[in-house]
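Breakdown of the fold
Spelled out, the chains give:
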Amino acid sequence: MLKQHNQLVLLMLIAADACAVAAAWLASYHLRFEYMPVDPQKGVPALADKYLPILPLVIVAHLVIFQRVRLYRPRRDGALLAEMRDILKAFAVSIVAVIVIDYALPQASKISRQFLVTYAVLGTTCLAVLRGSVRLIARALRRRGFNRRAAAIVGSGRAAQRLLYALRRNSWTGLDVRYFVDDADADKPGVLRGVPVRGPLSALPAVLAAEPIDSVFIALPTERAHRTAEVLAALETSTADVRLVPEINPSFAMRPNVSELDGVPILALRQTPLVGWNAVMKRAFDLVVGGLCLVIAAPAMAVIAALIRLADRGPVFYRQRRMGLDGRQFDMIKFRTMAVNAEAGGPVWSRRDDPRRTSIGAFLRRTSLDELPNLFNVLRGEMSLVGPRPERPEFIEQFKEEIPRYMLRHKMKAGMTGYAQVRGWRGDTSLKKRIQHDVHYIKHWSLGLDLRILAQTVGTVWFSRHET
């Protein structure tokens, strides 16, 4: 009955997607040819001549691509943002498919390029609103007790209890943990965190038969991981969904991700978020906003350069070796704030009221204006507008041995400003606190977070009196 219900819901979702595509296609036609300028020589093409005949092919192409991009897989425990990202990818491919279909048809059937742009925007918006609304409604219903599923957790250790807390905090998943299955208290079932403990593990098939559930989470502790094969063998006669929850120290795992290579599942523990679509978005954001910032800052940078030259006739810029994404080194460009031979004896950690600073240099450091040339590094792709502040390789050799998780910060491109800086951890402050904030930023990175950090930077960093 449950599978039939799921099939019905899937068919309804496919039908809704088809209707959304058709509605967006027709609305785009009216928007393009009734509210936008039209070439008098070409006139307005008839809807029934060009745009209606191709619509069935367009709908079928969209649905096939949506299925290939896995928009119809169960997303009960997935994130809304991830689905929106998949929708953008699917619609981008769908637009290409529409262009191919159009070119495959006779020349008389060519559709307007302006129409395609209009449809790309309107169609993506319609589908995103539809899917977002469906998901929000489903989550609201699950929170109120509708469309919920029963789950069991194999194991009762730390990983199992963390999973229980996670499912309880995220009630929108609609998964209710009915019981644990473990060897503990096998003779007399106990209760853990308000949930019964069944057992032993060897009796798993009998437990599932007595109390059927929809999903099984295998969350055995590391010292008993060798029994996973035994548990999987016991689940062969069950129709429940099976998920594996490995016990991993949270401080070691950063944005863990499961992929598949030729049928072999691979769990990535330390993965940069800057892959695929995320990398494209962040790079585009850096180029557009960074280029705009450089244009706006150009007059001030010209004045600063002139003042530095007038102060001691030395070079305007100072290039310093830093380490960025995945340990790659680059020359970070800054306005020179110290005497020309300030580091003749080797790298030295800068400090507030450093006697090596020039008169104009002290002002530039207080206002962080010396970092404006970092925009050149951003445009060259060596840095980002937002990310962990880059450090010198000489100091990294020391810090990576003294500070836990220090090297995790290099899984993100170095930034002009960062989460640690806007939270007050910059200059002569605790390095451990900075690393904690850098790791938090990488784990929770999003374009929206970058925007918030940039907005806070203007008020809390560039107008502060802390050193970097």
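Located above this text is the structure these notes cover.
Residues numbered from 1 in each chain as written. Predicted model: local features only at pLDDT ≥ 70, side-chain atom pairs only at ≥ 80, totals over all residues. Heavy atoms only, no water.

Some details on the overall build of the protein chain
Assigned secondary structure in the protein chain consists of 14 helices and 12 strands. With 468 residues in all, the protein chain has 42% of them scored as buried. For the protein chain, contacts bridging at least 24 residues in sequence account for 70% of all contacts bridging at least 6. Split by element, the accessible area of the protein chain, about 24,900 Å² in all, is 61% carbon and sulfur. (Helix = DSSP H or I, 4+ residues; strand = E, 2+ residues; numbered from the N terminus. Buried < 20%, exposed > 50% of the residue type's maximum accessible area, 1.4 Å probe, protein only. Contact = heavy atoms within 4.5 Å. Areas by Shrake-Rupley, 256 points an atom, 1.4 Å probe, with all protein chains shown as cover.)

Describing empty space enclosed by the protein
Applying the stated criterion across every chain, the model contains 1 cavity of 30 Å³ or more. Roughly 40 Å³ of volume is contained in the largest cavity. As for the largest cavity, its lining consists of Met323, Gly324, Leu325, Pro388, Arg389, Pro390, Arg409, His410, Met412 and Ala414. (1 Å grid on protein atoms, 1.4 Å probe; cavity = no way out; pocket = protein on both sides within 12 Å on 5 of 7 lines; lining within 4 Å. Points joined across faces, edges and corners; volume = space filled by probe spheres on them.)

Quick word on a nonpolar patch on the surface
A cluster of nonpolar residues, Leu31, Tyr35 and Met36, forms a patch on the protein surface that exposes about 310 Å² of accessible area. Position of Tyr35 relative to the elements: it lies in helix 1 (residues 2–35). (Patch = residues over 30% accessible without salt bridge, like charges linked within 9 Å, V, L, I, M, F, W, Y side chains within 5 Å. Salt bridge = Lys/Arg side-chain N within 4 Å of Asp/Glu carboxyl O.)

A look at the sheet that holds strand 2 (residues 175–181)
Taken in spatial order, the 6 strands make up an open sheet running 3-4-2-1-5-6, and their pairing is mixed. Here the strands that pair on one side only, and so sit at the sheet edges, are strand 3 (191–192) and strand 6 (241–244). When strand 1 (residues 149–154) meets strand 2, the two strands line up parallel, connected through 6 bridges. The residue bridging Arg149 from the neighbouring strand is Leu175, located in strand 2. (Pairing = 2+ DSSP bridges.)

Considering the nonpolar core
Side chains that are nonpolar tend, in soluble globular proteins, to be buried together. Core analysis: the biggest nonpolar cluster contains 31 residues, and Trp25, Phe66, Phe115 and Tyr119 have the highest contact counts within it. Listed by contribution, the elements that provide at least two residues to this core are helix 1, helix 2 (47–68), helix 3 (80–104) and helix 4 (113–143). Looking at this core, the element that brings in the most residues is helix 2, giving 9 residues. For Tyr119, the contacting residues outside a window of four places in its chain are Val21, Ala24, Trp25, Ser28, Val58, His62, Phe91, Ile95 and Thr124. Among the nonpolar cores identified, the runner-up in size contains 30 residues, and Ala297, Ala305, Val386 and Ile453 belong to it. (Core = buried A, V, L, I, M, F, W, Y, C linked by side-chain atoms within 4.5 Å.)

Topic: the pairing of strand 5 (residues 215–218)
Neither face of strand 5 is exposed, since Ser215 and Phe217 on one face and Val216 and Ile218 on the opposite face are all buried. The pairing of strand 1 with strand 5 spans 4 bridges and is parallel. Across the sheet, Ile153 pairs through a bridge with Phe217, a residue of strand 5. Note: strand 5 against strand 6, 4 bridges, orientation parallel. Across the sheet, the residue bridging to Ile218 is Leu244, located in strand 6. With respect to chirality, the unit in which strand 5 leads through helix 7 (residues 228–234) into the neighbouring parallel strand 6 is right-handed. (Right-handed = clockwise from strand over helix to strand, strands pointing away.)

Description of unusual backbone geometry
Positive phi values are uncommon outside glycine, yet Asp326 reaches one of about 60 degrees. Position of Asp326 relative to the elements: it lies in the loop between strand 9 (317–323) and strand 10 (329–335). For Ser368, which is not a glycine, the phi torsion comes out positive at approximately 65 degrees. With respect to the helices and strands, the residue Ser368 is situated in the loop between helix 9 (359–367) and helix 10 (374–379).

Structural notes on the side chain of Thr272
For Thr272, the location among the structural elements is in the loop between strand 8 (264–268) and helix 8 (277–312). A polar contact of 2.6 Å, which involves the side chain of Thr272, links it to the backbone oxygen of Lys411. Other than its neighbours up to four places away in sequence, Thr272 contacts Leu325 and Lys411. (Polar contact = N/O pair within 3.5 Å; in protein donor to acceptor, adjacent residues only side chain to side chain.)

Let's talk about the packing of aromatic side chains
For the structure on display, the rule yields 13 aromatic pairs. Relative to Tyr119, the ring of Phe91 has its centre 5.6 Å away and its plane inclined at 45 degrees; by these criteria the two rings are tilted. Here Phe91, found in helix 3, pairs with Tyr119, found in helix 4; they are 28 residues apart in sequence, far enough to count as distant. A single burial state applies to Phe91 and to Tyr119, both of which are buried. Centre to centre, the rings of Phe317 and Phe335 are 5.5 Å apart; their planes meet at 15 degrees, and the pair counts as stacked. (Phe/Tyr/Trp six-rings, centres within 6.5 Å; stacked < 30°, edge-to-face > 60°.)

Side note on the pattern of salt bridges
What the rule picks out here adds up to 16 salt bridges. In this structure, Asp182 engages Arg224 in a salt bridge whose closest nitrogen and oxygen atoms are separated by 2.8 Å. With Asp182 in the loop between strand 2 and strand 3 and Arg224 in the loop between strand 5 and helix 7, this residue pair connects regions lying 42 residues apart in the sequence. Here Asp370 makes a salt bridge to Arg365, at a shortest N to O gap of 2.5 Å. The exposure classification of Asp370 matches that of Arg365, with both residues buried.

Notes on the side chain of Asp286
Relative to the helices and strands, Asp286 is located in helix 8. Despite its burial, Asp286 remains without a salt bridge, the nearest opposite charge being carried by Arg283 at 4.9 Å. Here Asp286 is in contact with Gly291, Val378, Leu379, Met383, Ser384 and Leu385, once residues within four sequence places are set aside. (Lys, Arg positive; Asp, Glu negative; His and termini not counted.)

Focus on helix 9
Taken residue by residue, helix 9 has Ile360, Gly361, Leu364, Arg365 and Thr367 as its buried positions. For helix 9, the secondary structure elements touched by its buried residues are helix 8 and strand 10.

Quick look at helix 11 (residues 393–402)
Every buried residue belonging to helix 11 is among Pro393, Phe395, Ile396 and Phe399, and all of these are buried. The arc that holds the buried residues of helix 11, viewed along the axis, is 140 degrees, so those residues lie on one side. Where the residues of helix 11 are buried, they touch strand 9, strand 10 and helix 13 (431–443). (Arc of directions from axis to C-beta.)

Any functional reading would require information that these geometric values do not contain.
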